[in-house]
Amino acid sequence: MLSPMAASADNTYLGVGYHFGTYDESGFPEANLNGIKLEVGTYVAPNVAIEGHLLFGSGSDTVTYLGTDIDLKLKNAISVFVKGGLPLSEAANLYGLLGFTKGKLEASVLGTTFSEDDSGLSYGFGAEVAVGSNMYISGEYIMYISELDYDYTGFNIGISRRF
């Protein structure tokens, strides 16, 4: 098997995964917002890739604040990262991500729905392991958006294929 970060003809990859998101606001109950993650990337140099993520919310979480139920949902997010890798072996790789995310969250309370777009610097780390010819499984943790009053983070697991 080739090293996950090896420069070769297999420079482009597509992946799909599950997103375990967390909305954490000071003084507010934490909400778990899950979804589907699609990724596309291409290696521009050995151990360096440009990678894009699309997140789509797959459900909502209900939290209670001051006696009122609030339904929170990740509508969508788009991210662009520079991915830098540290190969551990021919089949395993650690990596870091640095980039930008624009996302949309939705809240419903007492029959009224509000949505908010936000964007900001994103960063994270992960690991990937080859499981077959040009197939990889991965796990990663990303700080998608960090604002003064809240953070949106995610743990993603997925599978990708190199072309």
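Right above here is the structure, for reference.
Keep in mind that what you see is a predicted model, and the values were worked out from it rather than measured.

On inspection of all chains with the given rule, the structure shows two cavities of 30 Å³ or more. By volume, the largest cavity is sized at about 50 Å³. Y13, K37, E39, K83, Y95, E128, Y136, I137, S138, E140 and S160 together form the lining of the largest cavity. Those elements that place two or more of their residues in the lining of the largest cavity are β2 (31–45) and β8 (135–146). At four residues, the largest contribution of residues to the lining of the largest cavity is made by β8.

Turning next to the environment of S119. As for its position among the elements, S119 is in strand β7 (residues 112–132). Its relative accessible area of 30% is what places S119 among the partly exposed residues. A C-alpha to C-alpha distance of 20 Å links S119 and V40, two positions 79 residues apart in sequence. Aside from chain neighbours lying at most four places away, what touches S119 is F100, T101, K102, I145 and E147.

Going through the model one piece at a time under the given rule, you end up with eight aromatic pairs. Members of the aromatic cluster, each reached through a chain of ring pairs, are Y23, F28, Y65 and Y150. Between K83 and the ring centre of Y95, over which it is positioned, the NZ or CZ distance is 4.3 Å.

So, about the pairing of strand β9 (residues 150–162). Both strand β1 (residues 12–25) and β9 contribute to a ladder of 13 bridges, which runs antiparallel. The residue bridging L14 from the neighbouring strand is R161, located in β9. Bridge analysis of β8 against β9 gives eleven bridges, and the strand direction is antiparallel. Its bridge partner being in β9, Y141 is matched across the sheet by F155. The antiparallel pairing of β8 with β9 creates a hairpin that spans three residues between the two strands.

Definitions and cut-offs
- Residues numbered from 1 in each chain as written.
- Predicted model: local features only at pLDDT ≥ 70, side-chain atom pairs only at ≥ 80, totals over all residues.
- Heavy atoms only, no water.
- 1 Å grid on protein atoms, 1.4 Å probe; cavity = no way out; pocket = protein on both sides within 12 Å on 5 of 7 lines; lining within 4 Å.
- Points joined across faces, edges and corners; volume = space filled by probe spheres on them.
- Helix = DSSP H or I, 4+ residues; strand = E, 2+ residues; numbered from the N terminus.
- Buried < 20%, exposed > 50% of the residue type's maximum accessible area, 1.4 Å probe, protein only.
- Contact = heavy atoms within 4.5 Å.
- Phe/Tyr/Trp six-rings, centres within 6.5 Å; stacked < 30°, edge-to-face > 60°.
- Lys NZ or Arg CZ within 6 Å of the ring centre and 35° of its normal.
- Pairing = 2+ DSSP bridges.

Don't take any of this as a statement about function, it's just geometry.
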